Amino acid sequence: MIKVSLKGGVVKEYESGISAMEITKELGMGLYKAACVCRINGKVADLRTVLTEDCELEIVTFDDADGKYAFRHTASHILAQAVKRLYPAAKLAIGPAIDNGFYYDFDVDVPFTPEILEKIEAEMKKIVKEGLPLEKYELDADEAIKLMEEKGEPFKVELIKEHSGKGEKITFFKQGEFDELCAGPHIPDTSRVKAFKLTSCTGAYWRGDSNNKMLQRIYGTAFTKKEELEAHLTAIEEAKKRDHNKLGRELEIFTTSDLIGQGLPILLPNGARIIQILQRFVEDEEQRRGWQLTKTPFMAKSDLYKLSCHWDHYQDGMFVLGDEEKDSEVFALRPMTCPFQYQAYLNRARSYRDLPIRYNETSTLFRNEASGEMHGLIRVRQFTISEGHLMCTPEQLEDEFKGCLELCEFMLKTLGLYEDVSFRFSQWDPDNREKYIGTTEQWDEAQGVMKKILDHLEIPYKIGIGEAAFYGPKLDIQIKNVHGKEDTLITIQIDQMLAEKFGMEYVDKDGTKKNPYIIHRTSIGCYERTLALLIEKYAGAFPLWMAPEQIRLLPIADRHHEYANDVCKKLASYGFRVTVDDRSEKIGYKIREAQLQKIPYMLLVGDKEIEDCAVSVRKRGEGDIGAKNVDEFLQSALADVASKVIW
């Protein structure tokens with residue numbers, strides 16, 4: 001007999017060899033019908049898993065993230081089976097669950113049009129109706145390769161061969177006539193996947209490498225209830241409306257040009273103004289907190305990047321100017337600012353009394369992103385970042401890290417993005433040593449220091465193995481766009497290695513020379529990416545303080561133009577971004593146009609307003625809020641801007 005600890009501290013005894021599925025049925029058929037997978041001693045497992053020793057068992061439903069993943073992973077198998085039934089010559093690549101759905105990549109000659117996606121959906125419904133059980137089995141690598149070769153699946157063969165020399169068993173799941181290479185776990189059978197939808201089809205390179213074959217990727221999503229699916233699809237439609245790539249162009253915030261190139265957006269006057277507002281706000285706030293502004297070159301000789309190790313670890317992501325085999329000097333556009341600001345530190349000898357030294361810079365950077373990775377303003381090849389590097393003693397490290405984090409939190413709360421972020425403690429991957437510099441001892445020390453700081457500050461982080469910078473661990477502040485794609489918005493890194501490489505020292509109290517700790521940080525992140533997220537967050541209706549045009553005056557008739565212009569000049573003298581719409585159009589047309597352009601305030605002026613030295617105020621989102629004396633409106637609007645209120 002074995003003892004199984006269940007939810008609520010309940011412990012039951014069962015015969016060894018019982019499956020998690022059998023226990024679930026015993027606990028209740030309602031729970032069994034809702035169950036997707038289980039956790040055994042905290043590790044996610046298939047419900048078919050046999051228990052042979054004492055353990056903790058937790059039944060996982062769709063309400064849990066692991067349950068959603070298994071449910072949608074099974075949906076991807078149903079998709080693949082449907083495609084193989086309809087197009088037997090299709091070659092299968094990979095089909096994982098992702099946030100809010102799943103996808104599967106296929107090599108097939110038939111283009112997957114919307115009409116064909118409907119046919120595939122219909123076949124998927126048949127497979128669901130069949131209620132096929134997903135049966136797990138294992139083969140030796142040679143047997144697995146033979147099976148996939150017989151089925152004509154070259155991509156699966158490639159994946160299996162990567163494990164063939166490790167002596168591992170290769171896991172498959174069978175549903176009806178369909179065999180899929182997969183580690184699982186999965187839900188018990190296909191009948192549970194009733195509410196699903198195929199949402200789109202795009203191109204995708206095999207294994208994300210542009211040197212490989214282009215495949216067709218079908219995206220979909222799945223839920224346990226039709227109502228949840230419909231709500232999700234409605235949210236997708238709303239996301240499309242908020243997509244910065246669409247809305248940013250409609251509001252004339254940015255554009256692109258094929259003549260200039262991919263990943264090189266042009267900020268139009270509205271976008272350029274928002275970026276200017278944000279930069280001034282950031283630089284002023286950083287100065288208030290003791291940061292010193294630097295201005296460093298956009299490029300440097302390869303010698304600098306070789307010393308920093310970026311040449312060895314990041315060269316593929318750099319724009320190199322020249323040829324090392326031909327030219328006496330080779331330059332590269334900077335992908336980061338750290339080695340440049342180190343030269344500012346090295347400008348003269350330093351003492352412990354000088355530390356901490358905080359350098360900030362509004363840095364334009366250049367990174368050679370792959371064409372398939374670029375998207376609107378979120379991932380580009382030239383961008384501007386609120387970058388900073390802080391040199392301090394070990395004793396100052398925690399307080400300075402805390403100060404960097406407080407700066408980031410202040411920025412996020414002011415922008416209205418704080419509730420949308422999560423924290424990731426990005427660590428090195430000791431199994432991939434070539435990706436990093438330094439020794440195991442140095443990494444253990446740096447990560448230990450950072451863990452202590454994060455835990456002391458009670459940061460609710462997740463761990464990301466292999467996500468560290470090549471020179472040190474970091475705290476990544478993550479955020480998702482409207483489509484659920486996660487990116488890093490802000491990062492704070494601890495570095496104890498590059499100071500030694502660059503010969504950065506300070507004379508300590510005891511007269512000895514020591515290397516400072518370095519904190520790499522951004523405060524608002526990449527301005528272009530932040531702008532994209534703000535467009536999506538506010539659907540283009542920016543808070544008053546950052547709106548490119550804050551106020552528009554709408555004279556009702558030509559005789560009101562002079563008064564409107566006088567009010568405009570007065571508001572502009574207080575720093576407002578204000579215009580007068582003096583076109584010979586009906587007032588209703590002018591109002592509708594200002595609403596479409598999401599102007600925070602419209603001020604209508606006619607005979608009555610001139611007589612009373614007033615304006616008739618229309619506030620975005622509220623409509624007509626009545627007439628106000630010009631000075632009364634001015635003071636109210638100034639207070640909104642000063643407090644950076646969000647409405």
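Residues numbered from 1 in each chain as written. Predicted model: local features only at pLDDT ≥ 70, side-chain atom pairs only at ≥ 80, totals over all residues. Heavy atoms only, no water.

## Some thoughts on the nonpolar core
Nonpolar side chains tend to gather and get buried jointly when the protein is soluble and globular. Membership of the largest hydrophobic core comes to 55 residues, with the highest contact counts inside it found for F401 and F542. In this structure, A80, A90, V108 and M124 belong to the second largest nonpolar core, which totals 37 residues. (Core = buried A, V, L, I, M, F, W, Y, C linked by side-chain atoms within 4.5 Å. Buried < 20%, exposed > 50% of the residue type's maximum accessible area, 1.4 Å probe, protein only.)

## Observations concerning the pairing of strand β22 (residues 357-366)
Most of β22 sits out of view: 10 of its 10 residues are buried. The side-chain alternation of β22 yields two buried faces, one formed by I357, Y359, E361, S363 and L365 and the other by R358, N360, T362, T364 and F366. Pairing of strand β18 (residues 292-293) with β22, which is carried by 2 bridges, proceeds in the parallel orientation. Of the residues in β22, the one forming a bridge with Q292 is Y359. Pairing analysis gives 10 bridges linking β22 to strand β23 (residues 382-392), with the strands arranged antiparallel. Each bridged residue has a counterpart across the sheet, and for Y359 the counterpart in β23 is H389. (Helix = DSSP H or I, 4+ residues; strand = E, 2+ residues; numbered from the N terminus. Pairing = 2+ DSSP bridges.)

## Things to note about the packing of helix α3 (residues 65-86) against helix α4 (residues 114-130)
Two elements in contact, α3 and α4, have axes separated by 9 Å at closest approach and are oriented at 115°. Comparing their axes, α4 and α3 come out roughly perpendicular. The interaxial crossing formed by α3 with α4 has right-handed handedness. Here A75, I78, L79, Q81, A82, V83, R85 and L86 of α3 come into contact with α4, specifically with K119, I120, E123, M124, I127, V128 and E130. In terms of residue class, the contact of α3 with α4 is made up of 10 nonpolar, 1 polar and 4 charged. (Axes fitted to C-alpha atoms, helices over the stretch in contact; angles between N-to-C directions. Parallel < 35°, antiparallel > 145°, perpendicular 65-115°, else oblique. Left-handed = near helix turned anticlockwise from the far one by under 90°. Contact = heavy atoms within 4.5 Å. Nonpolar A, V, L, I, M, F, W, Y, C, P; charged D, E, K, R; others polar.)

## Regarding the sheet that holds strand β33 (residues 601-605)
In spatial order, the strands read β32-β31-β33-β34-β35; together these 5 strands make up an open sheet with mixed pairing. At either end of the open sheet lies a strand with only one pairing partner, and these are β32 (578-580) and β35 (623-629). Within this sheet the neighbouring strands show an average axis-to-axis angle of 25°, counted without direction. Pairing between strand β34 (residues 614-619) and β35: 6 bridges, direction antiparallel. Looking across to β35, one finds that S616 is bridged to A627. Across the sheet, helix α17 (residues 561-573) lies against β31 (551-555), β32, β33 and β34, angled at about 170° from β32, the strand it touches most. The sheet strands contacting helix α20 (residues 630-643) are β31, β33, β34 and β35, and the helix crosses β35 at an angle near 120°.

## A few points about a negative patch on the surface
Together, D63, E227, E228 and E230 give the surface a local cluster of negative charge. Relative to the helices and strands, E228 resides in helix α7 (residues 226-242). (Patch = residues over 30% accessible without salt bridge, like charges linked within 9 Å, V, L, I, M, F, W, Y side chains within 5 Å. Areas by Shrake-Rupley, 256 points an atom, 1.4 Å probe, with all protein chains shown as cover. Salt bridge = Lys/Arg side-chain N within 4 Å of Asp/Glu carboxyl O. Lys, Arg positive; Asp, Glu negative; His and termini not counted. Charge placed at Lys NZ, Arg CZ, Asp CG, Glu CD.)

## What about helix α5 (residues 141-150)?
Along α5, the positions that sit buried rather than exposed are A141, A144, I145, L147 and M148. Mapping the buried residues of α5 onto a view down its axis gives an arc of 160°, with all of them on the same face. Opposite the buried face of α5, by more than 90 degrees, sit the exposed residues D142, K146 and E150. (Arc of directions from axis to C-beta.)

## Focus: the sheet that holds strand β19 (residues 299-301)
Each strand in a sheet pairs with its neighbour through backbone hydrogen bonds, running either in the same direction (parallel) or in the opposite one (antiparallel). In space, the 3 strands of this open sheet follow the order β19-β21-β20, with antiparallel pairing throughout. Unpaired on one side and paired on the other, β19 and β20 (320-321) mark the two borders of the sheet. Pairing of β19 with strand β21 (residues 331-333), which is carried by 3 bridges, proceeds in the antiparallel orientation. Residue pairing for β21: A300 is matched across the bridge by A332.

## Quick word on the packing of helix α9 (residues 269-288) against helix α16 (residues 527-538)
α16 packs onto α9 with a crossing angle of 115° between their chain directions and a minimal axis gap of 11 Å. Between α9 and α16, the angle falls in the class roughly perpendicular. When you trace α9 past α16, the crossing you get is right-handed. The residues of α16 that touch α9, namely those facing G271, I274, I275, L278, Q279 and V282, are Y527, E528, L531 and L534. The residue inventory of the contact of α9 with α16, partitioned by class, reads 7 nonpolar, 2 polar and 1 charged.

## Some thoughts on a nonpolar patch on the surface
Together, F298, M299 and L321 line one region of the surface with nonpolar side chains, adding up to about 250 Å² of accessible area. Checked against the element boundaries, F298 lands in the loop between β18 and β19.

## A short note on α20
With 14 residues, α20 should cover 20 Å at 1.5 Å per step; its first-to-last C-alpha distance of 20 Å lies within 8% of that length. For α20, the full list of buried residues reads V630, F633, L634, A637 and D640. One side of α20 holds all its buried residues, which, seen down the axis, span an arc of 130°. Every exposed residue of α20 that faces more than 90 degrees away from the buried side is listed here: A642 and S643. Elements that come into contact with the buried residues of α20 comprise β31, α17, β33, β34 and β35. Its side-chain oxygen 2.8 Å from the backbone nitrogen of D631, N629 forms the N-cap of α20. (Expected span 1.5 Å × (residues − 1). Polar contact = N/O pair within 3.5 Å; in protein donor to acceptor, adjacent residues only side chain to side chain.)

## Digging into unusual backbone geometry
In this structure, the amide linkage connecting G184 to the following residue, P185, adopts the cis form with an omega of 0°. Residue placement: P185 occurs in the loop between β13 (178-181) and β14 (195-205). With an omega dihedral of 5°, the bond running from L355 to P356 counts as a cis peptide bond. Locating P356 in the fold gives a position in the loop between α12 (338-345) and β22. The phi dihedral of N41 is positive, around 55°, even though this residue is not glycine. Position of N41 among the secondary structure elements: in the loop between β4 (35-40) and β5 (43-45). Although it is not a glycine, C309 adopts a positive phi angle of roughly 75°.

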